[in-house]
Amino acid sequence: GNYEVELSPDEQTLLVRYSYKNKPWELYVGANKPNSDLKQITFSTTPEFKKYNWKTPEVITFKAEDGTNVYARLYQPKVENKNKAAVIFVHGAGYLQNAHNYWSTYHREFMFHNLLTDLGYTVLDIDYRASDGYGRDFRTGIYRHMGGKDLSDQLDGKKYLVEKAGIDANRVGIYGGSYGGFITLMALLTEPGEFKAGAALRSVTDWAHYNHGYTSNILNFPETDPEAYKKSSPIYFANNLQDKLLMLHGMVDDNVQFQDIVRLTQRFIELGKKDWDLAVFPVEAHGFTETYSWVDEYRRILDLFNENLLQK
């Protein structure tokens, strides 16, 4: 797990903030001495939360196609429940780190992954190229091509699932939000046939329309490096859609503008594409706040995977 320690002004007492992969953060106190007994002083979870046997995902390593070590969380179902279908989750931000041994900021997704494993799915949550915490080369591996190595790492994760976890290569889905939604779009539009279904939440569809401060560090400027933007933006590959795509977006998104998903939707209409759906959340910004919105969103994602990844 992870321990964050504060020392009292008189240096006699430790205040410890602790969490584990399946245990949310809590506060503990103890004497500042070796082998001190820590007493828990906060109890943040409900009795209902404690009743469920939250799974402990395994942190694994697999080799990318270029030989780089890639890290991930692996959620395995019980052997008797395993359905040979898998879901790959793509974290947001691009530079975030999620394959660690303490409580994740993606706590809703953690709970959703527990639900998926209860239903027999295997889930892989990858710290793909450009994720934080693995050094300069890993962090800068997507320079001038977002949707390059960060996407190929998802494909190598799928290969790991097929070769090491007994997953059917034709029954793998992918989903994620924000940058994870972008990678989901790139997966379906630049590698058609690799993923049977994908759910893209609050996704960037054209990097030329996104935050300059974030994007210019990776792709330079649209007016001076248009090729980098073109090969990195899903909207330019809309014609390749052949797998089932679910897009979900808040109408008042204050990070990835709602017009982003509207432009891609219009492109699908112009191209006569049929295998897509758009779910709009009128009162939600980039980070949802209403419980009913989260419930509706993940119900739709679960239905997508159940309808497309399970054998009829």
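Predicted model, so just to flag it, every value in this text is computed and none were measured.

> It is not clear to me how the nonpolar core should be interpreted in this structure. Could you clarify?
Generally speaking, a soluble globular protein has its nonpolar side chains buried in company with each other. In terms of nonpolar packing, the biggest core is built from 52 residues, with Leu124, Met146, Leu161, Tyr179, Trp207, Leu245 and Phe268 touching the most fellow members. Beyond its immediate stretch of four places on either side in the chain, methionine 146 contacts Tyr179, Phe182, Met186, Trp207, Tyr214, Ile218, Leu219, Lys231 and Ser232. Formed by 30 residues, the second largest nonpolar core is a distinct cluster that contains Phe49, Leu248, Phe288 and Tyr298.

> Can you help me understand helix α9 (residues 291-309) in this one?
Owing to its 3.6 residues per turn, the α-helix aligns residues three or four sequence positions apart on the same side. The end-to-end C-alpha distance of α9, which contains 19 residues, comes to 27 Å, matching closely the 27 Å that a straight helix rising 1.5 Å per residue would cover. Looking at α9, one finds that the buried residues are Ser293, Trp294, Glu297, Tyr298, Ile301, Leu302, Leu304, Phe305 and Leu309. Looking straight down α9, one finds its buried side chains confined to an arc of 160°; they lie on one side. Facing away from the buried side of α9 by more than 90 degrees, the exposed set consists of Tyr292, Val295 and Glu307. Tucked inside the fold, the buried residues of α9 contact β7 (86-90), α2 (107-118), β9 (172-177), β10 (197-201), β11 (244-250) and β12 (276-281).

> I would appreciate a short explanation of the sheet that holds strand β2 (residues 13-20) in the present structure.
Neighbouring strands of a sheet are bound in pairs by backbone hydrogen bonds; such pairs are parallel or else antiparallel. A sheet is described by the order of its strands in space; here four strands give the open sequence β1-β2-β3-β4, paired in antiparallel fashion. Bordering the open sheet on either side are β1 (2-7) and β4 (39-40), each of which pairs with just one other strand. Looking at chain direction, strand β3 (residues 23-31) and β4 are connected through two bridges and run antiparallel. Within β4, the position partnered with tyrosine 28 by the bridge is glutamine 40.

> I tried to follow the pattern of salt bridges on my own but got confused; where do I start?
Side chains that differ in charge, positive against negative, can pair when their charged atoms come close. Scanning all chains against the criterion turns up 15 salt bridges. With its nearest N and O atoms 3.1 Å apart, the salt bridge here joins lysine 244 to aspartate 277. Linking lysine 244 in strand β11 with aspartate 277 in strand β12, this pair joins segments that are 33 residues apart in sequence. Exposure remark for lysine 244: the relative accessible area of 24% places this residue in the partly exposed category. Ionic pairing is found between arginine 299 and aspartate 296, a salt bridge with its closest N-O pair at 3.1 Å. Of this pair, arginine 299 and aspartate 296 both sit in helix α9, three residues apart, which is roughly one turn of that helix. On the basis of relative accessibility, which here comes to 39%, the residue arginine 299 falls in the partly exposed class. What makes aspartate 296 partly exposed here is its relative accessible area of 22%. Connected through shared salt-bridge partners, Asp66, Arg129, Lys149 and Asp153 make up one network.

> Looking at this model, I keep getting lost on the pairing of β9. Mind explaining?
The buried count for β9 comes to six of six residues, which makes it a mostly enclosed element. Alternating residues of β9 divide into Val172, Ile174 and Gly176 and Gly173, Tyr175 and Gly177, and every residue in both groups is buried. Pairing of β7 with β9, which is carried by five bridges, proceeds in the parallel orientation. Looking across to β9, one finds that valine 90 is bridged to glycine 176.

> When you look at the packing of helix α4 (residues 149-164) against helix α5 (residues 179-190) in this model, what are you seeing that I'm missing?
What describes two packed helices is the angle between their axes and the distance between those same axes. Direction vectors running N to C along α4 and α5 enclose 75°, while the axes themselves pass 10 Å from each other. On the basis of the axis angle, α4 is roughly perpendicular to α5. Across the interface between the two elements, Asp150, Leu151 and Gln154 from α4 touch Tyr179, Phe182, Ile183, Met186, Ala187 and Thr190 from α5. Tallied by class, the residues present in the contact of α4 with α5 amount to six nonpolar, two polar and one charged.

> It is not clear to me how the sheet that holds strand β8 (residues 122-127) should be interpreted in this structure. Could you clarify?
An order of β5-β6-β8-β7-β9-β10-β11-β12 is seen for the eight strands of this open sheet, with the pairing classed as mixed. Across the chains shown, the open sheet's two edge strands, defined by having one partner strand only, are β5 (58-63) and β12. For this sheet, the mean inter-axis angle between neighbouring strands, taken without regard to orientation, is 20°. Packed on one face of the sheet, α2 meets β6 (69-75), β7, β8 and β9 and runs near 65° to β6. Its contacts with the sheet put α9 on β7, β9, β10, β11 and β12, and the angle it makes with β10 is roughly 165°.

> Can you help me understand a nonpolar patch on the surface in this one?
Where nonpolar side chains cluster on the molecular surface, the patch consists of Tyr3, Val5 and Leu38 and spans about 310 Å² of accessible area. With respect to the helices, strands and loops of the structure, leucine 38 is situated in the loop between β3 and β4.

Conventions used here
- Residues numbered from 1 in each chain as written.
- Predicted model: local features only at pLDDT ≥ 70, side-chain atom pairs only at ≥ 80, totals over all residues.
- Heavy atoms only, no water.
- Core = buried A, V, L, I, M, F, W, Y, C linked by side-chain atoms within 4.5 Å.
- Buried < 20%, exposed > 50% of the residue type's maximum accessible area, 1.4 Å probe, protein only.
- Contact = heavy atoms within 4.5 Å.
- Helix = DSSP H or I, 4+ residues; strand = E, 2+ residues; numbered from the N terminus.
- Expected span 1.5 Å × (residues − 1).
- Arc of directions from axis to C-beta.
- Pairing = 2+ DSSP bridges.
- Salt bridge = Lys/Arg side-chain N within 4 Å of Asp/Glu carboxyl O.
- Axes fitted to C-alpha atoms, helices over the stretch in contact; angles between N-to-C directions.
- Parallel < 35°, antiparallel > 145°, perpendicular 65-115°, else oblique.
- Nonpolar A, V, L, I, M, F, W, Y, C, P; charged D, E, K, R; others polar.
- Patch = residues over 30% accessible without salt bridge, like charges linked within 9 Å, V, L, I, M, F, W, Y side chains within 5 Å.
- Areas by Shrake-Rupley, 256 points an atom, 1.4 Å probe, with all protein chains shown as cover.

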